Amino acid sequence: MTVRNIARKLDGAAISAFLRSLPARPALLGLGEARHFVGELGALRNEVFRHLVAHEGYRSFAVESDCLMGLVVDDHIATGAGDLDDVMARGFSHGFGASAANRDLVRWMRTYNEAHDEKLRFFGIDGPLEYWAASPRQALTALHGLLDGPLPCTRETLDALLGPDGRWSNEATVMDPSQSIGQTADAQRLRVIADDLLALLDTQLPQLSVRDRERAELYGRTAVGLLRYHHAMADSTADRISRLSGLRDAMMAANLRAVAAHGPALVFAHNLHLQRHHSRMSLGDQDVRMWSAGAITAARLGDRYAFLASAFGAIGGDAPAADTTEGILATLPWHACVVDGRRLARAAAAAAPRVSRDFAYFPLDPAHLDTIDGIVFVREAVDLGAPG
């Protein structure tokens, strides 16, 4: 078997053929990033999504960005609310609003919705956890405001327990758990209140509109997830970072389950968050291990979850060795192609792991190719401009 026989030039026909090769129609199709802010991959992703909308019935797009901020984008593509510059600034976390590909996608989704009755949806799947955890105020107060009495507490009590938002987003807490407020009496009481609000939501679901029901459930799982995360931030045990990483991906997985209800959907996030195998990475002197959002989602959805990993050949001049998986794929005749992942595992069984000089790039692991449905390979990545 040669690699040429299991690869196709990346275009709409190749994406449709890939979908037909799967054992079931996926509710979620994950397209992973081996590195954030690669302009070529963002442009290809947009082409893939447009094809999926036009030919495969996809109506939802989800991205590794703050799930609450994503509501700004979803409102904009639904109604035109807000100036596009403002939407890009307030609707994305992680600096992703500065991405030209994301801007092009939002503009296209809005244009599509203006011309079609069946509307496209936009979702953020990450928690409000960029660099450190945010206050649960927005999620808790929004959920509280959507419910009728008898409520477990007043809005004034919520505000008093939450206190200043700055104590929740204290940057020093990332490295110093003693500065976290996540296990204080106030935080513990807020966890009980969040649980009570979720229980009350279940009793009131029939009286809520579809929109309010969807948002209430988002606010509820975000509030609970944030309070769990803050509780773990106050933990000083050796596996603290692994626990925090696992909780983050569990929040992503919960959001993915909600997205799947609107499926089929294209999900765009880092390979590490979408892969099926157990994730392991080094963070300073920490050995971080966790199950990714993709692995958790695959455990629940089975064959209705599919994963296309991305990989690059030359990255800003750093070319792969010929005996690595990326080096083997670089011999293919196309700038961008789709490769059958499990058949590649057999064809490249003797491949060596790649060591890249680009610290932000996560190479393919030859030992886990058989857990990947397909690979989107780009021979050369040039546009690596992360916002400064």
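Description of the structure in this document. (Residues numbered from 1 in each chain as written. Predicted model: local features only at pLDDT ≥ 70, side-chain atom pairs only at ≥ 80, totals over all residues. Heavy atoms only, no water.)

## Things to note about the layout of surface pockets
- There is about 450 Å³ of room inside the second largest pocket.
- Lining the second largest pocket are 22 residues, and of these Leu272, Gln275, His277, Pro363 and Asp365 sit closest to its centre.
- Going through the elements one at a time, helix 11 (271-274), strand 6 (279-283) and strand 8 (305-315) are the ones with two or more residues in the lining of the second largest pocket.
- Tallying contributions element by element places strand 6 first for the lining of the second largest pocket, with 4 residues.
- When the residues that make up the lining of the second largest pocket are grouped by side-chain class, the tally is 10 nonpolar, 9 polar and 3 charged. (1 Å grid on protein atoms, 1.4 Å probe; cavity = no way out; pocket = protein on both sides within 12 Å on 5 of 7 lines; lining within 4 Å. Points joined across faces, edges and corners; volume = space filled by probe spheres on them. Helix = DSSP H or I, 4+ residues; strand = E, 2+ residues; numbered from the N terminus. Nonpolar A, V, L, I, M, F, W, Y, C, P; charged D, E, K, R; others polar.)

## As for the packing of aromatic side chains
- This model, assessed by the stated rule, comprises 7 aromatic pairs.
- Here the aromatic rings of Phe49 and Trp108 are separated by 6.1 Å at their centres, their planes lie at 80 degrees, and the arrangement is edge-to-face. Taken as a pair, Phe49 in helix 2 (residues 39-55) and Trp108 in helix 5 (residues 100-115) lie far apart in primary sequence, 59 residues in all.
- The exposure class of Trp108 is partly exposed, given its relative accessible area of 24%.
- Taking 6.0 Å as the distance between ring centres and 35 degrees as the angle between the ring planes, the aromatic pair formed by Phe61 and Phe122 counts as tilted. You can see Phe61 sitting in strand 3 (residues 60-66) and its partner Phe122 sitting in strand 4 (residues 121-126), a full 61 residues away along the chain. There is no split in this pair, since Phe61 and Phe122 are both buried.
- Chaining the aromatic ring pairs together yields one cluster made of Phe49, Phe61, Phe92, Trp108, Tyr112 and Phe122.
- Here Arg45 stacks its cationic end above the ring of Phe268, 4.7 Å away from the centre of that ring. (Phe/Tyr/Trp six-rings, centres within 6.5 Å; stacked < 30°, edge-to-face > 60°. Buried < 20%, exposed > 50% of the residue type's maximum accessible area, 1.4 Å probe, protein only. Lys NZ or Arg CZ within 6 Å of the ring centre and 35° of its normal.)

## A short note on the pairing of strand 7 (residues 286-290)
- Bridge count for strand 6 against strand 7 is 5 bridges, and the pairing is antiparallel. Bridged to Arg280 within strand 7 is Arg289.
- Connecting the antiparallel pair strand 6 and strand 7 is a turn made up of 2 residues, with Gly284 showing a positive phi of about 65 degrees. (Pairing = 2+ DSSP bridges.)

## Focus: unusual backbone geometry
- Residue Gly149 is joined to Pro150 through a cis peptide bond whose omega torsion reads 0 degrees.
- Along the polypeptide, Pro150 turns up in the loop between helix 6 (137-146) and helix 7 (155-162).
- Each neighbour pair has its own omega, and for Gly263 with Pro264 the value is 0 degrees, a cis peptide bond.
- Tracing the chain through its elements places Pro264 in the loop between helix 10 (240-260) and strand 5 (265-270).
- Despite not being glycine, Phe37 has its phi angle at roughly 65 degrees, a positive value.
- Summarising the element assignment, Phe37 is placed in the loop between strand 2 (28-33) and helix 2.
- Its identity is not glycine, yet His94 carries a phi of approximately 60 degrees, on the positive side.

## Remarks on the sheet that holds strand 8
- One open sheet accounts for 8 strands, arranged 1-9-10-8-2-5-3-4; its pairing is mixed. Strand pairing shows two members of the sheet lacking a second neighbour, strand 1 (7-9) and strand 4, which therefore form its edges. For this sheet, the mean angle separating the axes of adjacent strands, direction not counted, is 25 degrees.
- Where strand 1 and strand 9 (residues 336-340) come together, 3 bridges link them in antiparallel fashion. Of the residues in strand 9, the one forming a bridge with Arg8 is Val338.
- Packing against the sheet, helix 3 (residues 70-79) makes contact with strand 3 and strand 4, and its axis sits at approximately 175 degrees to strand 4. (Axes fitted to C-alpha atoms, helices over the stretch in contact; angles between N-to-C directions. Contact = heavy atoms within 4.5 Å.)

## Quick look at the side chain of Ser310
- Along the chain, the position of Ser310 falls in strand 8.
- Of the polar contacts made by the side chain of Ser310, one reaches the backbone nitrogen of Ala34; its length is 2.8 Å. (Polar contact = N/O pair within 3.5 Å; in protein donor to acceptor, adjacent residues only side chain to side chain.)

## Overview of the environment of Asn46
- Relative to the assigned elements, Asn46 resides in helix 2.
- The class of Asn46 is buried, set by a relative accessible area of 3%.
- Residues Asn46 and Ala101 lie 55 residues apart in sequence; the distance between their C-alpha atoms is 7.2 Å.
- Non-local contacts of Asn46, meaning those with residues more than four positions away in its chain, are made with Ala101, Asp104 and Leu105.

## A look at the nonpolar core
- Of all hydrophobic cores here, the largest spans 82 residues; its most connected members are Leu29, Phe61, Phe312, Leu329, Val339, Leu344 and Ile375.
- Ranked by the residues each element gives to this core, the list is headed by strand 8, at 8 residues.
- If you look at the next biggest cluster of nonpolar residues, it comprises 27 residues, including Ile193, Leu208, Val224 and Leu227. (Core = buried A, V, L, I, M, F, W, Y, C linked by side-chain atoms within 4.5 Å.)

## What to know about the pattern of salt bridges
- Evaluation of the coordinates by the stated rule reveals 23 salt bridges.
- Between Asp74 and Arg121 there is a salt bridge whose closest N-O contact spans 3.0 Å. Residue Asp74 is found in helix 3, and its partner Arg121 is found in strand 4; the two are separated by 47 residues along the sequence.
- What makes Asp74 buried here is its relative accessible area of 6%.
- Residue Arg280 pairs with Asp287 through a salt bridge whose shortest N-O separation is 3.0 Å.
- Its relative accessible area of 33% is what places Asp287 among the partly exposed residues.
- One connected set of salt bridges, linked through shared partners, spans Arg137, Arg155, Asp159 and Asp165. (Salt bridge = Lys/Arg side-chain N within 4 Å of Asp/Glu carboxyl O.)

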